[in-house]
Amino acid sequence: GVHPLNPHLALPRSFVEEIRENVDRIEGCKRFKFVEPETGKDQGLNVREKAKTLLELLQSTERLAEEREKARRARDRFHNDSAGGLSSEDMMGR
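Residues numbered from 1 in each chain as written. Predicted model: local features only at pLDDT ≥ 70, side-chain atom pairs only at ≥ 80, totals over all residues. Heavy atoms only, no water.

1. Comments concerning the pattern of salt bridges
Next, step 1: This structure, assessed with the given rule, holds seven salt bridges.
Next, step 2: Among the ionic pairs, lysine 30 bridges to glutamate 27, the shortest N-O distance being 3.3 Å.
Next, step 3: Lysine 30 gets classed as partly exposed once you look at its relative accessible area, which sits at 36%.
Next, step 4: When the shortest N-O distance is used, the salt bridge between arginine 72 and glutamate 69 registers 2.5 Å. Placement of the pair is arginine 72 and glutamate 69 together in helix H4 (residues 61–83), with a separation of three residues, close to one helical turn.
Next, step 5: We classify glutamate 69 as partly exposed; its relative accessible area is 31%.
Next, step 6: Through salt bridges that share partners, Glu69, Arg72, Arg73, Arg75 and Asp76 make up one connected network. (Salt bridge = Lys/Arg side-chain N within 4 Å of Asp/Glu carboxyl O. Buried < 20%, exposed > 50% of the residue type's maximum accessible area, 1.4 Å probe, protein only. Helix = DSSP H or I, 4+ residues; strand = E, 2+ residues; numbered from the N terminus.)

2. Structural notes on the nonpolar core
Next, step 1: In this structure, Val16, Ile19, Ile26, Ala51, Leu54, Leu55, Leu57, Leu58 and Leu64 together form the largest nonpolar core, which totals nine residues.
Next, step 2: When residues of this core are traced back to their parent elements, those giving at least two are helix H1 (13–21) and helix H3 (45–59).
Next, step 3: In terms of residues, this core owes the most to one element, H3, which gives five residues. (Core = buried A, V, L, I, M, F, W, Y, C linked by side-chain atoms within 4.5 Å.)

So, in structure tokens, the structure goes:
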């Protein structure tokens, strides 16, 4: 499935629109805090970083298009590698 905090995965347009409508929830994640009681380690840092990255991605239509294209190429490579075949880019000399 699509992971909402991984900007390197292709996000369906309807998903992106829904996220943009609820951007305040992601904004709240930028302030997420959880400190491990035993170690005192800040375990919320990863959530804050992912929220920041996702918000930056959603604000840039150009970057979103670039990430979709990267994800499409990676998906094509994965599918062709697992099938032992060539990708469309291989066939086109890219």
